[in-house]
Amino acid sequence: KENPKSPISEAYRGLRTNLVYSTTKIKTLLISSAGPGEGKTTTVANLAITYANLGKKTLLVDTDLRRPVVHDVFGLEKEPGVTNFLSDQTRDIHKLVRSTPIENLSVITSGVIPPNPSEMLGSIKMGEFIKVLESNWDMVLFDSPPLVAVTDANLISKGIDQIILVVKVGQTDKKAF
């Protein structure tokens, strides 16, 4: 968002274009990595911006219920968020949606960090959550915890169209990848 004409911004637009023209229709996308600190949140945030810039009604959802940072990236409060819906504190998803300065881009933050993230993300309620989001937005992107460290991303992925695995050159362990 700071430098839309940079080569890095263009690379994210290229990734988006490849996804838009893939053989399958993608409405939900989960971004993860093998381990922490490999750039998944940076990737999902920039990819969300490119979809919004394309004119698609885009939603970025922070489902990293262990170390959430999407709220910091966009300068938002962490609560209420995903955990409020999954713990039945609210049934109205629109109360969780936050606008951003970027046209067509909204965010649902993580909410409070729960004691049982895997159970919440693997619940029937999470499947319902994904379906409601799909019916209200053109594109829904999910930031998730790393795949190797915990099972959360695997649990979320059963309701998602595509997964992108971020790999950091010189850092990602080949065996973990």
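All figures in this text were calculated on a predicted structure; none of them were measured in a lab.

On to the overall build of the chain, then. Along the backbone of the chain there are 7 helices and 6 strands. The N-to-C order of helical and strand elements in the chain reads α-β-α-β-α-α-β-β-α-α-β-α-β. Relative to the 2.2 N^0.38 estimate, which gives 16 Å for 177 residues, the radius of gyration of the chain is 15 Å and therefore close to what a compact globule would have. Dimensions of the chain, computed from the C-alpha atoms along their principal axes, are close to 45 × 40 × 35 Å. Burial analysis of the chain (177 residues in total) assigns 49% to the buried set. For the chain, the proportion of contacts with a sequence separation of at least 24, taken over those separated by at least 6, is 77%. With the model as given, the accessible surface of the chain reaches about 9000 Å², and the carbon-plus-sulfur share is 53%. Looking at the chain, you have 21 positive and 19 negative side-chain charges, and the mean spots of the two groups are 4 Å apart.

Turning to the sheet that holds strand 1 (residues 28–33), a few remarks are in order. Either a parallel or an antiparallel arrangement is found when strands of a sheet pair, and the pairing is made through backbone hydrogen bonds. Pairing in this open sheet of 6 strands is mixed, and the strands run 3-4-2-5-1-6 from one edge to the other. Each edge of the open sheet is held by one strand with a lone partner, namely strand 3 (97–99) and strand 6 (162–166). The average undirected angle you get between the axes of adjacent strands in this sheet is 25 degrees. Bridge count between strand 3 and strand 4 (residues 105–108): 3 bridges; the pairing is antiparallel. By the bridge assignment, R98 is partnered in strand 4 with V107. On top of the sheet, helix 2 (residues 40–53) reaches strand 1, strand 2 (58–62), strand 4, strand 5 (139–143) and strand 6; it is set at about 170 degrees to strand 5, its chief contact.

Moving on, we get to a nonpolar patch on the surface. A surface patch of nonpolar side chains, about 330 Å² in accessible area, is lined by V20, Y21 and L54. Tracing the chain through its elements places Y21 in the loop between helix 1 (7–20) and strand 1. Y21 gets classed as exposed once you look at its relative accessible area, which sits at 69%.

Another point: helix 2. Since the α-helix turns once every 3.6 residues, residues separated by three or four places project in the same direction. Here helix 2 contains 14 residues, and its C-alpha end-to-end distance of 20 Å stays within 8% of the 20 Å for a straight helix at 1.5 Å per residue. Summarising burial for helix 2: 11 of the 14 residues are buried, a large majority. Those residues of helix 2 not exposed but buried are K40, T41, T43, V44, A45, L47, A48, I49, T50, Y51 and A52. Where helix 2 terminates, the next one or two residues include G55, which has phi positive at roughly 95 degrees.

It is possible for side chains of opposite charge to pair when their charged atoms get near one another. Applying the stated criterion across every chain yields a total of 3 salt bridges. A salt bridge links D143 to K40; the shortest N-O distance between them is 3.2 Å. Here the residue D143 occupies a position in strand 5, and K40 occupies one in helix 2, the gap between them amounting to 103 residues. The salt bridge involving K125 is made with D88; its shortest N-O contact spans 2.9 Å. Here K125, found in helix 6 (residues 124–136), pairs with D88, found in the loop between helix 4 (82–86) and strand 3; they are 37 residues apart in sequence, far enough to count as distant.

It is worth spelling out the side chain of S33 at this point. Mapped onto the elements, S33 comes out in strand 1. Judged by relative accessible area, which is 1%, S33 ranks as buried. With residues up to four places along the chain from it excluded, the contact list for S33 reads E38, K40, P146, L147, V148, L165 and V166.

What counts and what doesn't
- Each chain has its residues counted from 1, running along the sequence as written.
- Local features in this predicted model are restricted to residues whose pLDDT is 70 or higher, and side-chain atom pairs enter the listing and the counts only when it is 80 or higher, whereas totals over whole chains, interfaces and linings include all residues.
- The basis for every side-chain value is the complete set of non-hydrogen atoms in the structure, without hydrogens or water.
- Helix numbers and strand numbers start at the N terminus; a helix is a DSSP run of H or I with at least 4 residues, a strand a run of E with at least 2.
- In this description the radius of gyration comes from C-alpha coordinates, and the expected globular size is given by 2.2 Å times residues to the power 0.38.
- Buried residues are those whose accessible area, probed at 1.4 Å on protein chains only, stays under 20% of the maximum for their type, while exposed residues exceed 50% and partly exposed ones sit between those limits.
- Contact between two residues is taken to exist if any of their heavy atoms lie within 4.5 Å; hydrogens are not considered.
- To be clear on the numbers: accessible area is Shrake-Rupley with a 1.4 Å probe, and residue cover counts the displayed protein chains and nothing else.
- Charge counting follows a simple rule: Lys and Arg are positive, Asp and Glu are negative, and His as well as the terminal groups are ignored.
- Charge placement uses NZ in Lys and CZ in Arg. For Asp and Glu, CG and CD serve respectively.
- Here, strands pair whenever DSSP counts at least two bridges between them.
- Axis lines are fitted through C-alpha atoms, for helices just across the contact stretch, and the angle between N-to-C directions can take any value from 0 to 180 degrees.
- Two joining distances apply to patches: 9 Å for like charges and 5 Å for nonpolar side chains (Val, Leu, Ile, Met, Phe, Trp, Tyr), and every residue must have over 30% relative accessible area and no salt bridge.
- Salt bridge, as used here: a side-chain nitrogen of Lys or Arg that lies within 4 Å of a carboxyl oxygen of Asp or Glu.
- Multiplying one less than the number of residues by 1.5 Å gives the expected span of a helix.

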